Structures are given as C-alpha cells and as structure tokens.
Amino acid sequence: MSGKTITNLVHTTNLPWPFAEDQEQFQYTVNVEPARVTKKTAAGEWGANIVDLGGDEYLHIMTERRRILEADPSRVQILPGMMPACWDLLMYYLRDLSVSHPDVMHLEENGDVIRWRNDLLRTDQVFAIGDEQSLPYDPMTFLGREIPDDLLLVKERGGQLYFDAGLVTFAAAWSVTFDVGMSFREIHGPVPRLTGEGITSRAEQFLMRLPADRVYRRVNWTLSASGSRKLDISLEELPEWGKDIPRLVADRDFGKLQLRIELEHFIRLPMSGAVTFSIRTFMASLEEIKAIPAWRDQLAQILAATPEDIATYKGIIDYRDEAIRWLRSS
Ligand code: HEM
C-alpha cells in the first residue's frame, strides 16, 4: 500500500463540489439526481462511476478502513435476516466495479462460483455465492475492505424503512452501533427542519419507490469536526478528535479546517429488494479551497447564509464567522 501521507495528495480534482453553480443559499432538500453522470467543477470533474477510486487516495482510505475494522469489529452491524441482502450487495458492487474499472478490477462468474481480483489491493479470491465459509469475512466486510464507501442497508417493514445492516468506519459524528435498527424517521428526527418541512417523508417515499434499474445520488456537506484530515470522526472515536476544533480555533489555524463532502448513492438491490445507501467521504482544506476563487467565494457566501439551526446541527456555529473572514482575507 502507498507510503505517502494524505497531506501530499491533491484533493480537489475529483471533489464532488456540493453546490450548484449560482447557489448562494443553503437549505436541506431531497437533493437526489441520477448517478453515473459526470459533472465538471472549477477544479476538475467527478461522478462518472458509483465507486470513485480517486488515485492514491484510494489506497490511503483502504488502509484506514482495514485498520479500523480490525481494531473495532463493531463498526459492522448485520441484524438477523440481512445476510441475503449482504450477498446481494457484494455481487452488485463487484459486478459494477469490474465494468466501471476493467483495467484493475476483474470478476469471473461460473454459476455460483466467483473469482474476484482487485489489482490495486492485490486481492485474488475465489468464493461461492451464499457460502460464508468460502470468504475470509462476511460478504459485507469483504466488500468494505475493497471499496472506500461506507455501506448502509435499509429494508421496508410495515410502510417504513429501517436501517438493518451497515459497515461504517467514517461516520460524521454519529455511530453505526447506536443507529442500527432505527427507522428512517427516527434517524432523521434530530436534524432541524427535515421532518417538520416534510423532507424526511418525501425522501422515504422516494427510497421506497426506487426502481431496481436506476441508481441515484445526492451530495451532503459539513465542515469536519476535526481540523486534520481524519476520516474516522465517528462517535466511537470522540475522545480522539473532540478537542481538534477548539484547538484549531484557538490557534486561528483556519486553513486546516476541512470541508467534508459525502457523495451518497441509492441502489435497489435486485435479489433482496433492500436499498443500499453508500457514503463516500471526500475532504479538502479551506487552504485548498481558497486557492480556487470560485469555490472560495461560494463557500464563504453559503456559510454566511446557512440558517442558524442548521449551522448549529452541523457543529460550525461557534467559528463560522471567523472561517468566513479567513476565506475572504487576502
Ligand atoms: C434522499 C434520502 C436522504 C436524505 C434527503 C437525507 C438527509 C439527511 C440530512 C439532511 C442529514 C443531516 C446531515 C448534515 O446536515 O450534515 C442526514 C443525516 C443522516 N442520515 Fe440521511 N438522508 C437520506 C437518506 C438516508 C438513508 C437511506 C440513511 C440510512 C440509514 C440515512 C442516514 C443518516 C444518518 C445516519 C445521518 C446522521 C444522523 C446524525 O447526525 O446522528 N439517510 N440525512
């Protein structure tokens, strides 16, 4: 795996910039759009594939993912009855990867016997679909060790969606162990405006009607709760990162603040009917963003216009004015 540190890498070229070209305000909406559509940005482009291998960043993320899973197996939660959906998830992604990245990812299918090769991680695994003994891990963990996205599976019961399985190592200040088993409405209950303005129920309706042949995506953003490029800011790791922002604000080191962007995909799995919600986390520091005038100006404007309750929920209320001043200073 790459010996480079993440600070040596270019983070902006494949960044899914989360704001529309002329956007000046921010409100929560059901901001879903068809996936696998390339979007150009001020610094590059993103979105051609469901899984973004992101150059050297991929190897860094996978090293982090594997380290966290080995240190804390509770980041994988699979409720009873969800194993068929996990196999479905594994096969969906392996097929997609082999088509989207044929130069480095290879899938051979011979009935239920599968050979998977990932040249970037040097994986070469033969297994039989449905036979857990033929894999070194359960199917969701096997997949999570191959792709950088966090993986959540939701199932419909009694007219509601429930979060019934997940592999999450990069949660933005939440916990998979705490949230697993909760309904879609319970999870989104604490988010200001979301339920009150009908967004939660519209999003749930959208997901319950998601067709099996079309993949959708949405982009979400926040300023990271850690000033370093720490991917794992889950509640489990709070003692590790809890003091990062107060320290950074005291040092007035705003260039190190990270814009944290989640690129989320929604996929109806063909065999089990479960819905996948995947989250790929991208980051760029304010220093990197300041180097791109269109992004610098827009982020400063959006931060200033974000309503107070949303800024509080995102954890940025105490320092956003200073961050805006830093962005606008020459
Ligand atoms: C169109 C569908 C969806 C929309 C519009 C939506 C919207 C949101 C929004 C606006 C937030 C607050 C994030 C922030 O401000 O940084 C959020 C948080 C979250 N969402 Fe969703 N979401 C959707 C689908 C899902 C699905 C399918 C799941 C799977 C269980 C999910 C799980 C979560 C979790 C775990 C959080 C973090 C909650 C916390 O902070 O404790 N969302 N969502």
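Look up a bit, the structure's there.
Quick summary incoming for the structure in this document.

Reading guide: rules and limits
Residues numbered from 1 in each chain as written. Predicted model: local features only at pLDDT ≥ 70, side-chain atom pairs only at ≥ 80, totals over all residues. Heavy atoms only, no water. Helix = DSSP H or I, 4+ residues; strand = E, 2+ residues; numbered from the N terminus. Expected span 1.5 Å × (residues − 1). Contact = heavy atoms within 4.5 Å. Near = heavy atom within 4 Å. Polar contact = N/O pair within 3.5 Å; in protein donor to acceptor, adjacent residues only side chain to side chain. Nonpolar A, V, L, I, M, F, W, Y, C, P; charged D, E, K, R; others polar. Donors = N, O, S within 2.8 Å, 3.2 Å for Na, K, Ca; no water. Pairing = 2+ DSSP bridges. Axes fitted to C-alpha atoms, helices over the stretch in contact; angles between N-to-C directions. Salt bridge = Lys/Arg side-chain N within 4 Å of Asp/Glu carboxyl O. Buried < 20%, exposed > 50% of the residue type's maximum accessible area, 1.4 Å probe, protein only.

### Considering helix α10 (residues 293-305)
With 13 residues, α10 should reach 18 Å at 1.5 Å per residue; the first-to-last C-alpha distance of 18 Å fits that figure. Buried residues belonging to α10 abut β10 (216-223), β11 (258-268), α9 (286-290) and α12 (320-328).

### What to know about the side chain of S134
As for its placement among the helices and strands, S134 is situated in the loop between β7 (123-128) and α3 (139-144). Apart from residues lying up to four places away in sequence, S134 is in contact with Q125, V126, F127 and A128.

### Here we look at the site of the ligand
Near the ligand there are 22 residues, and of these Y28, H188, F277, Y313 and K314 occur at the shortest range. Side-chain polar atom of N220 to an oxygen atom of the ligand: 3.3 Å apart, as the coordinates give it. The separation between an oxygen atom of the ligand and a polar side-chain atom of K314 is 3.0 Å. In terms of residue class, the shell around the ligand is made up of 16 nonpolar, three polar and three charged.

### Observations regarding the coordination of the iron atom of the ligand
There is one protein donor for the iron atom of the ligand, and it is H188 (NE2), at 2.0 Å. Its location among the elements puts H188 in helix α5 (residues 184-188).

### Comments concerning the sheet that holds strand β8 (residues 150-157)
Read across the sheet, seven strands follow the order β1-β10-β11-β12-β8-β9-β4 without closing on themselves; strand pairing throughout is antiparallel. Pairing within the sheet leaves two strands with one partner each, and these edge strands are β1 (33-34) and β4 (76-78). Across the sheet, helix α2 (residues 83-100) touches β4, β8, β11 and β12 (275-285), and the angle it forms with β8 is around 130 degrees.

### A word on the pattern of salt bridges
Evaluation of the coordinates by the stated rule reveals 26 salt bridges. Note that R36 is salt-bridged to D96, the shortest N-O span being 2.8 Å. One end of the pair, R36, is in the loop between β1 and β2 (39-40); the other, D96, is in helix α2, with 60 residues separating them in the sequence. Accessibility expressed as a relative area gives 40% for R36, which makes it partly exposed. Judged by relative accessible area, which is 8%, D96 ranks as buried. With a shortest N-O distance of 3.9 Å, E197 and R193 are connected by a salt bridge. Relative accessible area serves as the criterion here: at 28%, R193 is assigned to the partly exposed category. It is possible to trace a salt-bridge network through shared partners that takes in E33, K39 and R217.

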